[in-house]
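Chain and residue survey
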Amino acid sequence: MRVGLGYDVHKLVEGRKLIIGGVDIPYEKGLLGHSDADVLLHAIMDALLGAAALGDIGKHFPDSDDRYKGISSVELLKHVGKLLEENMYVINNIDATLVAQKPKVGPYREKMVENIADALGIEKDQVNVKATTEEGLGFTGSMEGMSAQAIASISSVKDFAMNPMEESGCSGCLGCVR
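Just so you know, these numbers come straight off a predicted model, no measurement behind them.

**What about the overall build of the protein chain?**
- Counting secondary structure elements, the protein chain contains six helices and seven strands.
- Each helix (α) and strand (β) of the protein chain, taken in turn from the N terminus, gives the series β-β-β-β-α-α-α-β-α-β-α-β-α.
- The 178 residues of the protein chain split such that 44% are buried.
- The long-range fraction of contacts in the protein chain, counting pairs at least 24 apart against all pairs at least 6 apart in sequence, stands at 71%.
- Carbon together with sulfur atoms contributes 51% to the accessible area of the protein chain, which is approximately 9,800 Å² in total.

Structure follows, in structure tokens:
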């Protein structure tokens, strides 16, 4: 089993949509970024990439690359899922926390979980999304921005492969004839 930690932060600005967990949330401000600036999905992607030792979202989706300008982070998350699959990893679970004073995201949480699970081809019960405020403290508390943290647990498919010699009780030392 491998574990990765992800963290992301974006500034709130006028004139942008607020997209969190792949959900367009009605609000007077949105998050500033090269892509759709989905702070929650960015933290989740970094957690997954970190667990697999595959770098981070800056390596895979640099903000200097116009291909990613305005792109949906759900599409980027799907790509991360494919990278994990190509490297023979399966996702055990994801736990993420959004830190924002406003808006309240409770009514959108189930859709966020559904979007994340669908993008990664996993079950909804493998994804947990929480939200909290900082009681008016810091940049999130003063509503200058939002942050998110995520932790992900993955396993290598190789861990599930059974060695036929071990299955028969043989240690594989070749010192015996069976």
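**A word on the pairing of strand S5 (residues 89–99)**
- In this sheet, strand S7 (residues 145–156) lies alongside S5 in antiparallel orientation, the contact comprising 10 bridges. Paired with Val90 across the two strands is Ser155, which belongs to S7.
- Looking at chain direction, S5 and strand S6 (residues 127–132) are connected through six bridges and run parallel. Looking at the pairing, Ile94 lines up with Val127 of S6.
- In this region the chain leaves S5, passes through helix H4 (residues 109–120) and returns to the parallel neighbour S6; the handedness of that crossover is right-handed.

**A word on the environment of Leu120**
- Mapped onto the elements, Leu120 comes out in helix H4.
- Here the alpha-carbon distance between Leu120 and His79, two residues 41 residues apart in the chain, equals 8.7 Å.
- Contacts of Leu120, omitting those with residues within four sequence positions, involve Leu48, Leu77, Gly81, Ile91 and Ile94.

**Quick notes on the packing of helix H1 (residues 39–51) against helix H3 (residues 73–86)**
- Orientation of H1 relative to H3, taken along the N-to-C sense of each, is 10 degrees, at an axis distance of 10 Å. As far as their axial angle goes, H3 and H1 are roughly parallel. On the side of H1, the interface is formed by Leu41, His42, Ile44, Met45, Leu48 and Leu49, while H3 contributes Ser73, Val74, Leu76, Leu77, Val80, Leu83 and Leu84.

**Concerning the sheet that holds S7**
- Here five strands make up an open sheet; going across it, the order is S4-S1-S7-S5-S6 and the pairing mixed. Edge positions in the open sheet fall to strand S4 (30–31) and S6, since each of these has one partner strand only.
- Relative to the sheet, H4 contacts S5 and S6, its axis offset from that of S6 by approximately 140 degrees.

**Notes on the nonpolar core**
- Counting 49 residues, the largest nonpolar core has Ile44, Leu48 and Ile116 as the members making the most contacts within it.
- Looking at this core, the elements with two or more residues in it are strand S2 (18–20), strand S3 (23–25), H1, H3, S5, H4, S6 and S7.
- Counting residues per element, this core draws most heavily on H1, which supplies 10 residues.
- Each residue touching Ile44, except ones within four places of it in the same chain, is listed here: Leu77, Ile94, Ala96, Ile116 and Ala150.

Calculation rules
- Residues numbered from 1 in each chain as written.
- Predicted model: local features only at pLDDT ≥ 70, side-chain atom pairs only at ≥ 80, totals over all residues.
- Heavy atoms only, no water.
- Helix = DSSP H or I, 4+ residues; strand = E, 2+ residues; numbered from the N terminus.
- Buried < 20%, exposed > 50% of the residue type's maximum accessible area, 1.4 Å probe, protein only.
- Contact = heavy atoms within 4.5 Å.
- Areas by Shrake-Rupley, 256 points an atom, 1.4 Å probe, with all protein chains shown as cover.
- Pairing = 2+ DSSP bridges.
- Right-handed = clockwise from strand over helix to strand, strands pointing away.
- Axes fitted to C-alpha atoms, helices over the stretch in contact; angles between N-to-C directions.
- Parallel < 35°, antiparallel > 145°, perpendicular 65-115°, else oblique.
- Core = buried A, V, L, I, M, F, W, Y, C linked by side-chain atoms within 4.5 Å.

By themselves, these figures tell us nothing about what the structure is for.
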